[in-house]
Amino acid sequence: MLPSRSDFPAGFTFGAATSAYQIEGTAVAGLSHWDSFAATPGNIADDSDGSRACDHLNLWPQDLDLVRDAGFDAYRFSTSWARVMPDGLTVNPDGLDFYDRLVDGMVERGLKPFLTFYHWELPAALAANGGWQNRDIAARFADFCTAVHARIGDRIASAATLNEPWCIAWLSHFLGHHAPGLRDIHAASRAMHHVLLAHGTAIRALRAEGATSLGIVLNFETCHPADDSPAAARAAETQDAIYNQWFIRALMGQGYPDAALEGIGPHLPDRWQADMELIAQPLDWLGVNYYTRKLHAPDPGLWPHAAELSGPLPKTQMDWEIRPEGLTEFLTRLARDHTGNLPLYVTENGMALGAGPDVTQDDRRVEFIADHLRATRAAMDQGVDVRGFFYWSLLDNYEWGWGYGPRFGLVHVDYDTMARTPKASWHAFHRMLRG
Ligand code: IFM
C-alpha cells in the first residue's frame with residue numbers, strides 16, 4: 001500500500017513523467033540522432049525505434065485523462081527538438097502546435113505542466129555537425145529553448161533545461177549505450193562540458209525572456225565499492241565523481257571534482273575554466289532522478305580503472321538493484337554538500353517489471369513506489385526541502401537501447417493495438433491521491 005497523501009505537506013506535487021521520443025511516435029518530426037542510432041544493427045535489444053512508440057501524438061487526450069483520473073497534480077513531459085526544429089535551426093510551427101495543444105490539454109484537466117526542453121532527441125543535422133562535442137550546441141540549444149518558451153511558456157508551471165546530462169554526455173559518448181553511440185574519452189569529455197555550457201546559456205536566455213521556475217534534472221546512482229579493498233574504494237570514488245558530482249558541483253559553482261578531472265581534464269575544450277561562471281546560473285529548483293546503486297571494482301584497463309559488478313539486492317526487470325534508502329541518502333547529501341535550501345523534486349523514480357498473463361498485476365511495483373515515497377519523506381523529516389515526486393513512467397514505453405521489453409508504466413500499453421490498461425500501481429496512486 002502507498003503512504004497516504006496526508007503524510008506529505010499540503011502543496012506537495014505528485015506527478016507522472018514521460019518523454020517525447022519514448023511515447024510520441026516520430027511522424028512529422030525531423031530525424032534525430034536516435035533514429036539513426038536505432039537503425040544501426042546491434043544498438044537496440046529488439047531492433048526497435050521510436051517511430052510509433054505509444055502513438056501519444058494521436059492518443060494524448062486519453063493519456064492526459066489517465067494522469068488526471070489517477071489524481072496527479074502535474075505531468076512531466078518533454079519537447080522534441082527534432083519536431084520543433086527539424087533541421088535543428090528553423091522553427092516548424094506545426095511542431096510547436098502539437099505542444100501548444102498538449103499544454104492546453106493539461107491546463108484544461110487541472111494538471112500543472114512540468115516541461116523538460118531536451119530529453120535526448122538531438123536533430124540529426126546538429127549531430128552531423130558534431131552534436132554535443134561542438135561548442136556551437138550551446139547557442140543552438142538556447143535558441144531552441146527560447147522558441148519553445150515563446151509559444152508555451154505562458155502556461156508552464158516549471159521548466160528544466162535538460163534531462164540527465166550524464167546520459168547525454170557519458171553514457172552516449174564514453175560508454176556508447178545511447179546515441180550517438182561513441183566510446184571516445186575525448187568526445188565524452190567535450191560533451192560533459194558542453195552540455196553544462198548549453199544549460200547555462202539557455203538559462204540566461206530564458207531569464208532574459210522573463211521565464212521563471214527554471215531548473216535542470218540530474219540523475220544520481222549510488223556508487224559502492226565491490227569489496228573492502230582500498231582499490232575498490234578508489235574505483236567507487238572515481239565513478240561517484242563522474243556520475244554524482246561532475247554536474248551538480250559545476251552547477252552550484254563548486255568546480256569540477258578532481259577525481260573526474262584526472263581523466264576528463266586533458267580532453268576538455270581550451271579555456272573551459274572561463275565558462276564555469278555561466279554554467280553556475282542561479283536555479284529555482286533541482287530535479288533528482290534516482291533508480292539504483294552499482295558496485296564498482298578496480299579494473300587494470302584504462303582510466304577510470306573501474307568495472308561494474310552485479311550486487312546481491314533484489315533487482316528489477318533490468319537487473320537494477322532496488323535500494324530505496326539511496327534516495328534518502330542523495331536528497332540529504334545534495335542539500336548538505338551542494339544545494340543548501342534550493343527546492344528539490346524527485347523528478348523520476350520507478351521500476352521496470354515484466355508483464356505477466358494479467359497485465360494489471362504489478363504489486364511489486366506498488367511496493368517499490370511505497371518504499372521510495374517513504375525514502376523521500378525520510379529526507380524531508382531530516383529537513384530537506386523536497387517539493388514533489390514524479391513516478392517514471394505514466395506508460396510502458398520505448399526504453400532506449402533496451403527497446404520495448406522493459407515496462408516502467410503505471411499503465412500497460414499493448415503495442416499492437418495501442419490499448420492502455422491501468423495497472424494495480426495506477427489504482428494504488430488513485431486510492432492515495434483521490435481516496
Ligand atoms: O526511461 C528512462 C528515462 O528516459 C530517463 N531516466 C531513466 C528512465 C529509465 O531508464
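Conventions and cut-offs
Residues numbered from 1 in each chain as written. Predicted model: local features only at pLDDT ≥ 70, side-chain atom pairs only at ≥ 80, totals over all residues. Heavy atoms only, no water. Helix = DSSP H or I, 4+ residues; strand = E, 2+ residues; numbered from the N terminus. Contact = heavy atoms within 4.5 Å. 1 Å grid on protein atoms, 1.4 Å probe; cavity = no way out; pocket = protein on both sides within 12 Å on 5 of 7 lines; lining within 4 Å. Points joined across faces, edges and corners; volume = space filled by probe spheres on them. Nonpolar A, V, L, I, M, F, W, Y, C, P; charged D, E, K, R; others polar. Axes fitted to C-alpha atoms, helices over the stretch in contact; angles between N-to-C directions. Left-handed = near helix turned anticlockwise from the far one by under 90°. Near = heavy atom within 4 Å. Polar contact = N/O pair within 3.5 Å; in protein donor to acceptor, adjacent residues only side chain to side chain. Areas by Shrake-Rupley, 256 points an atom, 1.4 Å probe, with all protein chains shown as cover. Sits in = over half its atoms within 2 Å of the grid points.

**Details of the side chain of Ser189**
Here is step 1 of the chain: Among the structural elements, Ser189 can be located in helix H9 (residues 185–208).
Here is step 2 of the chain: If we ignore the near neighbours within four places in the chain, the residues touching Ser189 are Ile264, His267 and Leu268.

**A closer look at the layout of surface pockets**
Here is step 1 of the chain: Considered as a void within the structure, the largest pocket measures approximately 990 Å³ in volume.
Here is step 2 of the chain: Mapped onto the lining of the largest pocket, the elements with two or more residues apiece are helix H8 (165–173), strand E5 (214–225), helix H10 (230–251), strand E6 (285–298) and strand E7 (306–309).
Here is step 3 of the chain: Split into classes, the residues belonging to the lining of the largest pocket amount to 22 nonpolar, 9 polar and 10 charged.

**Description of the packing of H9 against H10**
Here is step 1 of the chain: Two elements in contact, H9 and H10, have axes separated by 11 Å at closest approach and are oriented at 35°. Considering how the two elements wind past one another, H9 and H10 form a crossing that is right-handed. Residues Met192, Val195, Leu196 and His199 of H9 form the contact with H10, whose own contacting residues are Ile242, Trp246, Phe247, Ala250 and Leu251.
Here is step 2 of the chain: For the contact of H9 with H10, a count of residues per class yields 8 nonpolar, 1 polar and no charged.

**Concerning the site of the ligand**
Here is step 1 of the chain: Neighbouring the ligand are Gln22, His119, Trp120, Asn163, Glu164, Tyr291, Trp320, Glu348, Trp392, Glu399, Trp400 and Phe408.
Here is step 2 of the chain: For the ligand, an oxygen atom lies 3.2 Å from a polar atom in the side chain of Trp392.
Here is step 3 of the chain: Summarising the interface, the protein chains cover 95% of the accessible area of the ligand, which totals 280 Å² for the free molecule.
Here is step 4 of the chain: The pocket occupied by the ligand, as judged from atoms lying within 2 Å of grid points, is the largest pocket.
Here is step 5 of the chain: When its residues are assigned to classes, the shell around the ligand shows 6 nonpolar, 3 polar and 3 charged.

Remember that the coordinates give geometry; whether it matters functionally is a separate question.
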